[in-house]
Amino acid sequence: MGERFEADFRKAMRRLASAVTVVTAAHEGDHHGMTATAVTAVSDAPPSLLACVNRSAGLHDPLLASGRFCINILHADQSGIAEAFGGRRRKDERFAVGEWVTSACGLPFLREAQASIFCDVDCVTPYGSHSVVIGRISDILVAGHVAPLLYQDGRYTVGLGDGIDWVVPI
Ligand SMILES: Cc1cc2nc3c(=O)[nH]c(=O)nc-3n(C[C@H](O)[C@H](O)[C@H](O)COP(=O)(O)O)c2cc1C
């Protein structure tokens, strides 16, 4: 597994188009958030999904300590939010980008996300640098049109929407 292998892995992953999300958590009065593409559905019985979270990410420990998280699936016009939560903004400035609301259970969610999916941590598997966190879904908000923001070949792009007009300033 040399340099060539690692380079090929990166090249291959650039071809894996992924929907962009912001994963959020709340712990001891603070809100935490991180852009993530390593998110996928696991099962509908029970309704569940997983997120792969780097153990070095600021979100990691608060998410595990609180036992809850929210997956916000971004809209095509929200690449600025993805950039902010992907490390461009300091942690304490990220929630100033976009309209964030606190749910009844205390989790921050993005009002204009395509969907916000609230989860209770059910299972955590450490793997390499990451924790694979499986969440059991407790609540779902779906809003607006199907108009996904995608990450592909190292940049943001847009997926096919539902045909209803929306503006994409990319
Ligand atoms: C498009 C994109 C997708 C990302 N996907 C993930 C992911 O799935 N898991 C992860 O741990 N970090 C992912 N990251 C990296 C984190 O968003 C980034 O390292 C963030 O700054 C970590 O949070 P921190 O600065 O609070 O530690 C992604 C970054 C970008 C820009």
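Attention here is on the structure that accompanies the text. Residue indices follow the written sequence of each chain, beginning from 1 at its first position. Predicted model: local features are reported for residues with pLDDT of at least 70 only, side-chain atom pairs are reported and counted for 80 or more only, and whole-chain, interface and lining totals are derived from all residues. Excluded from the side-chain calculation are hydrogens and water; included are all heavy atoms of the structure.

## Structural notes on the site of the ligand
Step number 1: Whether a residue is near a molecule or strand depends on its heavy atoms: if one lies within 4 Å, it is near. Around the ligand, 18 residues are found, and the nearest of them are Thr35, Cys52, Asn54, Gly58 and Arg94.
Step number 2: Thr35 has a polar backbone atom sitting 2.8 Å from an oxygen atom of the ligand.
Step number 3: Throughout, the Shrake-Rupley method with a 1.4 Å probe supplies accessible areas, and for residues the shown protein chains are the sole cover considered. Surface burial for the ligand is 77%, taken as the share of its 630 Å² of free accessible area covered by protein chains.
Step number 4: For the shell around the ligand, the secondary-structure elements that each account for two or more residues are β3 (30-36), β5 (47-54) and α3 (79-88).
Step number 5: Residue classes follow a fixed rule: Ala, Val, Leu, Ile, Met, Phe, Trp, Tyr, Cys and Pro count as nonpolar, while Asp, Glu, Lys and Arg count as charged, and any other residue, Gly among them, counts as polar. Grouping the amino acids of the shell around the ligand by side-chain chemistry returns nine nonpolar, seven polar and two charged. Two N or O atoms form a polar contact when they lie within 3.5 Å of each other; inside protein one atom must be a possible hydrogen donor and the other a possible acceptor, and for residues adjacent in sequence the pair counts only when both atoms belong to side chains. Strands here mean DSSP runs of E at least two residues long; helices mean DSSP runs of H or I at least four residues long; both are numbered from the N terminus.

## Considerations on the packing of aromatic side chains
Step number 1: Any two rings among Phe, Tyr and Trp, with Trp reduced to its six-membered ring, count as a pair given centres within 6.5 Å; such a pair is stacked if its planes are under 30 degrees apart, edge-to-face if over 60, and tilted if neither. Taken as a whole and assessed by the stated rule, the structure comprises five aromatic pairs.
Step number 2: For the ring pair Phe85 and Trp100, a centre distance of 5.1 Å and an interplane angle of 45 degrees mean the geometry is tilted. Placement of Phe85 in helix α3 and of Trp100 in strand β7 (residues 100-102) is noted, with a sequence separation of 15 residues between them.
Step number 3: Buried means the residue's accessible area, taken with a 1.4 Å probe over protein chains only, is under 20% of the maximum for its type, while exposed means over 50%, and partly exposed covers the values in between. With a relative accessible area of 2%, Phe85 lands in the buried category.
Step number 4: According to the relative accessible area criterion, Trp100 is buried, its value standing at 16%.

## Describing the sheet that holds β3
Step number 1: Pairing between two strands requires that DSSP report at least two bridges joining them. Overall, antiparallel pairing links the seven strands, which are arranged β3-β2-β6-β9-β10-β5-β4 in an open sheet. Here the strands that pair on one side only, and so sit at the sheet edges, are β3 and β4 (39-44). Geometrically, the sheet is characterised by an average inter-axis angle of 30 degrees between neighbouring strands, direction not taken into account.
Step number 2: Bridging between β4 and β5 involves five bridges; their strand directions are antiparallel. Residue pairing across strands places Val39 opposite Ala51, the latter belonging to β5.
Step number 3: Most of the contacts of α3 go to β3, to which it runs at about 110 degrees, and overall it touches β2 (21-27) and β3. Every axis in this analysis is a line fitted to C-alpha atoms, fitted for helices over the stretch in contact. Angles between the N-to-C directions lie between 0 and 180 degrees. Note on contacts: a residue pair is in contact if any heavy atoms of the two residues lie within 4.5 Å.

## Side note on the nonpolar core
Step number 1: Counting residues in each nonpolar core, the largest one holds 15 residues, and the members touching the most others are Val23, Val53, Leu59, Leu63, Phe69 and Ile71.
Step number 2: Contributions of two or more residues to this core are made by β2, β3, β5, β6 (68-73) and β9 (115-127).
Step number 3: Beyond its immediate stretch of four places on either side in the chain, Val23 contacts His32, Gly33, Met34, Ala36, Val39, Leu59, Leu63, Phe69, Cys70 and Ile71.
Step number 4: In these notes, a set of buried Ala, Val, Leu, Ile, Met, Phe, Trp, Tyr and Cys residues joined through side-chain atoms within 4.5 Å is what counts as a nonpolar core. Counting 14 residues, the second largest nonpolar core, distinct from the first, contains Leu74, Ala82, Ala84 and Phe95.

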